[in-house]
Amino acid sequence: MKKILLILTIFSIFSTDILAQFGPGGGGGFPGMGGGTRKDREQMAIPGTAQAQPKGSAKISGYVVDSSVSKAVEYASVALMVKATKKPVDGAICDDKGKFSITRVATGEYILSISFMGYQTKKMDVNIVNKNDEIDLGVIKLGYSTQNLAEVTVEGQRSLIEDKVDRMVYNAEKDASNKGGDGADVLRKVPSLTVDLDGNVSLRGSSNVKVLINNKPSTIIASSVADALKQIPADMIKSVEVITSPSAKYDAEGSSGIINIITKKNTLQGLTLNMDTSVGIRGGNLSLNGNYRKGTMGFSVGGFGRANYNINGRFDNTQITSDSFGNQTTNVQGAETRNSGLFGNYQFGWDWDINKTNSITASLKLGARNQYNYQDGLLTQIYRGLLPNTPLAISTTRDVESIDNSNNVDANIDYVHTYKKPQQELTISGQFSRNNRVNDFTNKIAGLPDGSNLITNTNPSSNQETTLQVDYQTPIGKTQMIEFGGKGIFRKVNSVFRQIGNNGSLDYDQNIAASYFSYTLTTKKKYSLKVGGRYEYTNIDATQVTEGKGSQNIDIPDYGTFVPSINLSKSIKGGTTLKLAYNRRIQRPSLQFLNPNRNASNPSNVTEGNPLLSPEFTNNYEFTVNTFFKNVFLTSALFMRNTTGGIESVRTNDVDTQGKPFILTRYLNIGNQDAYGMNLFVNVTAGKLQIGGGTDVFYSVLKNNNPNPLFNASNEGWVASFRMFGNYNLGKGWGIQAFSFYRGNQVQLQGNQGGFGIYSLGFKRDFLNKKGSIGFGAENFFTPNGFTIKSNIDSPTITQNSVTTLRNMNFKVTFSYRLGKISFVDAKKKKKSVNNDDMKDGDGGGGQQAAPAAPAGGGRPR
């Protein structure tokens, strides 16, 4: 701990000394460089964006809105042309509030042209008489267009998918099919992402991905990404950022990248209230969100509840184990499954623009989850030998109930100070996050008397994080930017487990001190370079209490990690961008992998964590090409990923106190993975039809480097997934949307996991000038009996084949309505906040996830 405090102290002194060099009194700017107003800062392009030399001091501004609903038209193109020659001399893109501003305009007569996909282009005469004129055009309304797509500007193609120097952005609010679902439904449509049927997310085939919400982490995400996504209504997601090459500013964790979910916010004057709801044969949800803004202060409150029900299926599993003497045992299992759950979150927000250079933002989020899983009539039959010529040795029938309940709180406060120099700012952020979880199971064995027929496990746990963060950035001239900052993360994890013959606890304190530096350069030849480095120092104190052995300290050495990153891009003619990137990442183990609790909800497949695990290290390389032509947007990427010290599962044979054999799964740092692949995404708009789709394909090479030939394993093969979606405007407020996704066979260390596919079709009708909508959706309607996923494990000591049946056909009705009256005001400052993206997530998180009766395959997906 002393080392952590020492590093933070050194960084504080370093930051204070550096800040003092940028001007007395905090004014900002190098000597000779003037300042600017707050609005200048907001409208200034990033360093290096092509800008003509100043020819005047006039300014033109306004707001662009949809003429039918008075809603902002985000990212509309604004071009300023000389009236006499029709030659463009300047331009701008509207922000997410529909606002644009063109500064340093010379005197003269101009034509302002405003265009956006699906709207009629609007042209206005603008005359600048005096060099310091400020022309406020107020609200400019755009009507819907019936023109051919060829006449629409290329900016409209970026409305659904955008590409930036270090990330790809999927604008979910532009996709009309995102109604009535949750966060997992939205992420399934994002290029490069794969979301399985349980809601677990992987990026380019790797589950080592960090998920943030509005640039913030949460202990509920650390507990389970899948459950966190179920608490986010799809209608509230504004966009999803996929950051495959994070800069030095981001935490070093998340070996395959970062997913940042941006939710919708209101910065418009007035009072609004939105309601969204859906109900179906498998689940329903209700969302209410209100916003109020008056002057420089705004408030928001929201709530979301989701219920899952009538979700059932079946599994069948056969496993053959061999002991050291070559004796073989066959274990056959089968059961009907069902699960249900309630999810909810409530959030409160407050922000205040103190003055032109200072602002404060605060938020409080409360969440709850209640998940119940049942295995009815779990039949286990054990044969001492191979079927069919062997007698039955043991047969048991039991009902298994697993309870996974949790609650979480996230509190954030952020302070932003801007300087006279545009884009120079200081941010101080703090966060407190805590997740409490209870993960219990009960096995009720048939045929035994009461009192001796129950096997129980109780596993309460908690995960708490406190974070302090300081960030500073300043431009150098017009083409360069430097950023640096420091961060301290203080985690306290506790797990208590109680079961027959295995009681104990784990206290795991992890402290991280980090500092970073980043440099950005953009040239007149349209090259952009962003390079940086981040150093993180980790200190761990861990204590384990075991029944019969007492308390003992776990000796885990401190370690430091340097993480470099580089992003280079080049814009060429025709709207094409080339990008080349490299970054190094680490992946620290979360509680799912550390928890020493022995989870035996299925007595034939037992899981146990390992508190001695070390982090994984990954090198990422990628080359990306993005282009626009006519009505088509195309993005493709080649990537290579190498992971060493990977956390892999190791399965061994064991017997319980009654002599019954079972498979014990533990985790070790023995894995090595190489992945070579590509992503392809295409989006086409033709009149009233929009269609898009893509594929992710990679070749995976897995090794566990275990010197013991009985446990040594390797596997390799191709992995692919495909998605397609489309929507069509039928007119008169009617629309139709369709979506399909297929994930192929997954290559795993000790076997394979079968593929699956999902599809949906929906109709929607807008009414009352788009204030409300009602819709009907159908999912997987051609498979009323469900579909199956076949998986296998193959090793010298274990052979396992399992079949899982999933029944997820669904029909639902959706409804949404918006109340309130709003008016336009100046866009607010960009809010900044804490984001902890350094933990290796798993499905289990704060307590271990109940082991399925039939594991899907050997090792976790990578």
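Before reading further, recall that the structure is shown in the block above.
Overview of the structure. The model shown is predicted, which means the values in this text are computed figures rather than measured ones.

**Considerations on the overall build of the protein**
Right, so step 1: Scanning the protein from terminus to terminus reveals six helices and 45 strands.
Right, so step 2: Counting the 862 residues in the protein, one finds 55% classified as buried.
Right, so step 3: Put simply, 69% of the contacts in the protein that link residues at least 6 apart link residues at least 24 apart.
Right, so step 4: With the model as given, the accessible surface of the protein reaches about 35900 Å², and the carbon-plus-sulfur share is 58%.

**Digging into the pairing of strand S21 (residues 425-445)**
Right, so step 1: Of the strand pairs in this sheet, strand S20 (residues 392-418) and S21 are connected by 21 bridges, and their pairing is antiparallel. Looking across to S21, one finds that Ala 411 is bridged to Phe 432.
Right, so step 2: Pairing of S21 with strand S23 (residues 460-476), which is carried by 14 bridges, proceeds in the antiparallel orientation. Residue pairing in the sheet places Thr 427 in a bridge with Asp 471 of S23.
Right, so step 3: When S21 meets strand S22 (residues 454-458), the two strands line up antiparallel, connected through four bridges. By the bridge assignment for S22, Asn 443 is matched with Ile 455.

**Some remarks on the sheet that holds strand S2 (residues 77-82)**
Right, so step 1: An order of S3-S2-S5-S6 is seen for the four strands of this open sheet, with the pairing classed as antiparallel. Two strands bound the open sheet, and with one partner strand each, they are strand S3 (88-93) and strand S6 (122-128). Each strand axis lies, on average, 25° off the axis of its neighbour in the sheet, ignoring direction.
Right, so step 2: The pairing of S2 with strand S5 (residues 108-115) spans six bridges and is classified as antiparallel. When the bridges of S5 are listed, Ser 77 appears paired with Ser 115.

**Quick look at the sheet that holds strand S1 (residues 58-66)**
Right, so step 1: One open sheet holds the three strands; their spatial order is S4-S1-S7, and the pairing between them is mixed. With partners counted over all chains shown, the strands left at the sheet margins are strand S4 (99-105) and strand S7 (134-142), one partner each. Strand-to-strand, the axes of this sheet are offset by a mean angle of 15°, without reference to chain direction.
Right, so step 2: By the bridge criterion, seven bridges tie S1 to S7 in an arrangement that is parallel. Paired with Val 65 across the two strands is Lys 141, which belongs to S7.

**Considerations on the pairing of strand S36 (residues 714-731)**
Right, so step 1: Where strand S35 (residues 689-703) lies against S36, 15 bridges are found, and the strand directions are antiparallel. The residue bridging Tyr 699 from the neighbouring strand is Trp 718, located in S36.
Right, so step 2: For S36 and strand S37 (residues 734-743), the ladder comprises ten bridges, and the chain directions are antiparallel. Of the residues in S37, the one forming a bridge with Ser 721 is Arg 743.

**Structural notes on the packing of aromatic side chains**
Right, so step 1: Per the stated rule, a full pass over the model turns up 14 aromatic pairs.
Right, so step 2: Taken together, a centroid distance of 5.1 Å and an interplanar angle of 70° make the contact between Tyr 699 and Trp 718 edge-to-face. Of this pair, Tyr 699 sits in strand S35 while Trp 718 sits in strand S36, placing them 19 residues apart in sequence.
Right, so step 3: An angle of 50° between the planes, with centres 6.3 Å apart, marks the rings of Phe 741 and Phe 756 as tilted. Residue Phe 741 is located in strand S37, and its partner Phe 756 is located in strand S40 (residues 756-767); the two are separated by 15 residues in the primary sequence.
Right, so step 4: With relative accessibility at 3%, the residue Phe 741 sits in the buried group.
Right, so step 5: Aromatic ring contacts, followed pair by pair, group Tyr 419, Tyr 472 and Phe 484 into a single cluster.
Right, so step 6: Across the ring face of Phe 739, the terminal group of Lys 189 is positioned such that the distance to the ring centre comes to 5.6 Å.

**Regarding unusual backbone geometry**
Right, so step 1: Positive phi, close to 60°, is recorded for Lys 86, a residue that is not glycine.
Right, so step 2: Within the fold, Lys 86 resides in the loop between S2 and S3.
Right, so step 3: A relative accessible area of 48% means that Lys 86 is categorised as partly exposed.

**Re the pattern of salt bridges**
Right, so step 1: For the coordinates displayed, the defined rule picks out 20 salt bridges.
Right, so step 2: In this structure, the salt-bridge partner of Arg 188 is Asp 185, at a minimum N-O distance of 3.2 Å.
Right, so step 3: You can call Arg 188 buried: its relative accessible area is 8%.
Right, so step 4: Between Glu 536 and Arg 534 there is a salt bridge, with its nearest N and O atoms 2.8 Å apart.
Right, so step 5: We classify Glu 536 as buried; its relative accessible area is 1%.
Right, so step 6: With relative accessibility at 3%, the residue Arg 534 sits in the buried group.
Right, so step 7: Here the salt bridges share partners, and the residues they tie into one network are Arg 314, Asp 316, Glu 336 and Arg 807.

**Section: the environment of Ile 281**
Right, so step 1: With respect to the helices and strands, Ile 281 occurs in the loop between strand S15 (269-280) and strand S16 (283-294).
Right, so step 2: Sequence separation between Ile 281 and Met 809 is 528 residues, and the spatial gap between their C-alpha atoms is 8.5 Å.
Right, so step 3: The contact partners of Ile 281, leaving out residues within four places of it in the chain, are Tyr 309, Asn 310, Met 809, Asn 810 and Phe 811.

**What to know about the nonpolar core**
Right, so step 1: The biggest cluster of nonpolar side chains holds 35 residues, and the ones touching the most others in it are Tyr 170, Leu 187, Val 201, Val 240, Ile 259 and Ile 261.
Right, so step 2: Contacts of Leu 187, omitting those with residues within four sequence positions, involve Leu 193, Val 195, Val 201, Leu 229, Val 240, Ile 259 and Ile 261.
Right, so step 3: Grouped together as the second largest cluster of nonpolar side chains are 22 residues, Val 73, Val 78, Ala 92 and Val 126 included.

**Thoughts on the side chain of Glu 622**
Right, so step 1: Within the secondary structure, Glu 622 sits in strand S32 (residues 616-629).
Right, so step 2: Given the relative accessible area of 10%, Glu 622 is considered buried.
Right, so step 3: Polar contacts involving the side chain of Glu 622 include one to the side chain of Thr 244, which spans 2.6 Å.
Right, so step 4: A distance of 3.2 Å separates a polar atom in the side chain of Glu 622 from a polar atom in the side chain of Thr 624.
Right, so step 5: Excluding residues that lie within four positions of it along the chain, Glu 622 makes contacts with Arg 204, Thr 244, Ser 245, Lys 579, Leu 580, Ala 581, Leu 638 and Phe 639.

Rules and cut-offs
Residues numbered from 1 in each chain as written. Predicted model: local features only at pLDDT ≥ 70, side-chain atom pairs only at ≥ 80, totals over all residues. Heavy atoms only, no water. Helix = DSSP H or I, 4+ residues; strand = E, 2+ residues; numbered from the N terminus. Buried < 20%, exposed > 50% of the residue type's maximum accessible area, 1.4 Å probe, protein only. Contact = heavy atoms within 4.5 Å. Areas by Shrake-Rupley, 256 points an atom, 1.4 Å probe, with all protein chains shown as cover. Pairing = 2+ DSSP bridges. Axes fitted to C-alpha atoms, helices over the stretch in contact; angles between N-to-C directions. Phe/Tyr/Trp six-rings, centres within 6.5 Å; stacked < 30°, edge-to-face > 60°. Lys NZ or Arg CZ within 6 Å of the ring centre and 35° of its normal. Salt bridge = Lys/Arg side-chain N within 4 Å of Asp/Glu carboxyl O. Core = buried A, V, L, I, M, F, W, Y, C linked by side-chain atoms within 4.5 Å. Polar contact = N/O pair within 3.5 Å; in protein donor to acceptor, adjacent residues only side chain to side chain.

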